[in-house]
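Commentary on secondary and tertiary structure
For reference, the chains in residue letters:
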Amino acid sequence: MQTVILKGHKDGYEITLKDDADFTLITSELRQLLDGLKQDEGSKQTTITFKVNTGARLLNTWQKKELEKFFGDYPYFAIHKITASVIDKQEAWDFMENHNIHINAATVRNGQVLELTGDVLFVGAVHQGGVLQTSGSIYSLGKIEGIVHAGYDNNSRAIIAGEISKAQQVRIGDLVDIVEEKTIPTSKCLVYVNDLHTLTYTDISELKALRPKLFVKIGGF
């Protein structure tokens, strides 16, 4: 049974490891393959890169180190990257958290900080002195009298949308505005970071033009 398959490309080679094969058998066959390739390519004295595809198998730390050892024995061979057709559960969960819109109906009182992940449709209440923050965008249908912080941890592509005229502050990424000093143009306000890296206030109807992917994601607002 062949456990290691080699394919050549213009920018290097791809090695596919059979995902249901014993790893010891794979490493033995890989050694034979690299020895043969070394004889064929050895005279060129140029570095050859390999993309290693493990299919439905996720390599553990030890297995990755074993692969690195193998290629370390060949001065002109190098691993470009290791890919798989699956991801682990935590990575999948993190992806879902960051790419879905989460509905939240919490009440954030004075002195409290509600920390969320991803895009949030907020239907709760943020009292004065309370803070609502998330790594994505905030779409508010609730009562905002405190601080709303979208794009927490430097995501300047995030936006804040909804009724924010009574908010104390709006924050996106590292930018902060005191809302009382701003003229909110409409009850359905959109706040975003413009090309000059300042906060801009406009009507929610501009969302489709400014952030078309976000508009499709929420199906309008």
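Structural data are supplied above this passage.
These remarks concern the structure in this document. (Residues numbered from 1 in each chain as written. Predicted model: local features only at pLDDT ≥ 70, side-chain atom pairs only at ≥ 80, totals over all residues. Heavy atoms only, no water.)

1. Quick notes on the environment of Tyr139
Let me state the cut-off plainly: Only DSSP runs of H or I with at least four residues qualify as helices, and only runs of E with at least two residues qualify as strands; both kinds are numbered from the N terminus onward. Working definition: with a 1.4 Å probe on protein chains only, accessible area under 20% of the residue-type maximum means buried, over 50% means exposed, and in between means partly exposed.
With respect to the element layout, Tyr139 can be found in strand E11 (residues 138-140). For Tyr139, a relative accessible area of 1% corresponds to the buried category. On a C-alpha basis, the gap between Tyr139 and Ile159 in space is 8.1 Å, while along the polypeptide they are 20 residues apart.

2. A few points about the sheet that holds strand E1 (residues 4-9)
Note the threshold: Here, any two strands with at least 2 DSSP bridges between them count as paired. To define axes, lines are fitted to C-alpha atoms, for helices over the stretch in contact only, and angles between the resulting N-to-C directions are given on a 0 to 180 degree scale. Contact criterion: two residues are considered in contact whenever any of their non-hydrogen atoms come within 4.5 Å of each other.
What the four strands build is an open sheet, ordered E1-E2-E3-E4; its pairing is mixed. Pairing within the sheet leaves two strands with one partner each, and these edge strands are E1 and strand E4 (77-83). Each neighbouring strand pair of the sheet contributes to a mean axis angle of 25°, computed without reference to strand direction. Pairing between E1 and strand E2 (residues 12-17): six bridges, direction antiparallel. The partner of Leu6 across the bridge, within E2, is Ile15. Lying over the sheet, helix H2 (residues 61-72) contacts E2, strand E3 (48-53) and E4, oriented at roughly 155° with respect to E4.

3. Regarding the nonpolar core
Put simply, the rule is: Note on terminology: a nonpolar core comprises buried Ala, Val, Leu, Ile, Met, Phe, Trp, Tyr and Cys residues joined through side-chain atoms within 4.5 Å.
Grouped together as the largest cluster of nonpolar side chains are 24 residues, with contacts concentrated most on Ile160, Ile164, Val170, Ile172 and Val191. Taken together, the elements giving at least two residues each to this core come down to strand E8 (119-122), strand E13 (147-150), strand E15 (169-172), strand E17 (189-193) and strand E18 (199-203). Take this core: its biggest share by element is three residues, from E17. When neighbours within four sequence positions are excluded, Ile172 is seen to be in contact with His149, Ala150, Asn155, Ser156, Ala158, Ile159, Ile160, Val191, Tyr192, Val193 and Leu199. Among the nonpolar cores identified, the runner-up in size contains 20 residues, and Ala21, Leu30, Leu67 and Phe71 belong to it.

4. Regarding the pattern of salt bridges
Selection criterion: Salt bridges are counted wherever a side-chain nitrogen of Lys or Arg sits within 4 Å of a carboxyl oxygen of Asp or Glu.
Under the definition given, this model contains four salt bridges. As a salt-bridge pair, Lys18 and Asp20 come within 3.7 Å of each other at their nearest N and O atoms. Assessed through its relative accessible area of 32%, Lys18 is described here as partly exposed. You can call Asp20 exposed: its relative accessible area is 59%. Two residues, Asp73 and Arg31, come together in a salt bridge whose shortest N-O distance is 3.1 Å.

5. A closer look at the side chain of Asn104
Convention followed: Any pair of nitrogen or oxygen atoms within 3.5 Å is treated as a polar contact; in protein, a donor-acceptor pairing is required on top of that, and neighbouring residues in sequence qualify only through side-chain atoms on both sides.
Looking at the element boundaries, Asn104 is found in strand E5 (residues 101-104). Asn104 gets classed as buried once you look at its relative accessible area, which sits at 16%. A polar atom in the side chain of Asn104 sits 2.9 Å from the backbone nitrogen of Ala106. Residues in contact with Asn104, not counting those within four places in the same chain, are Leu114, Leu116, Val120, Leu121, Phe122, Val123 and Gly124.

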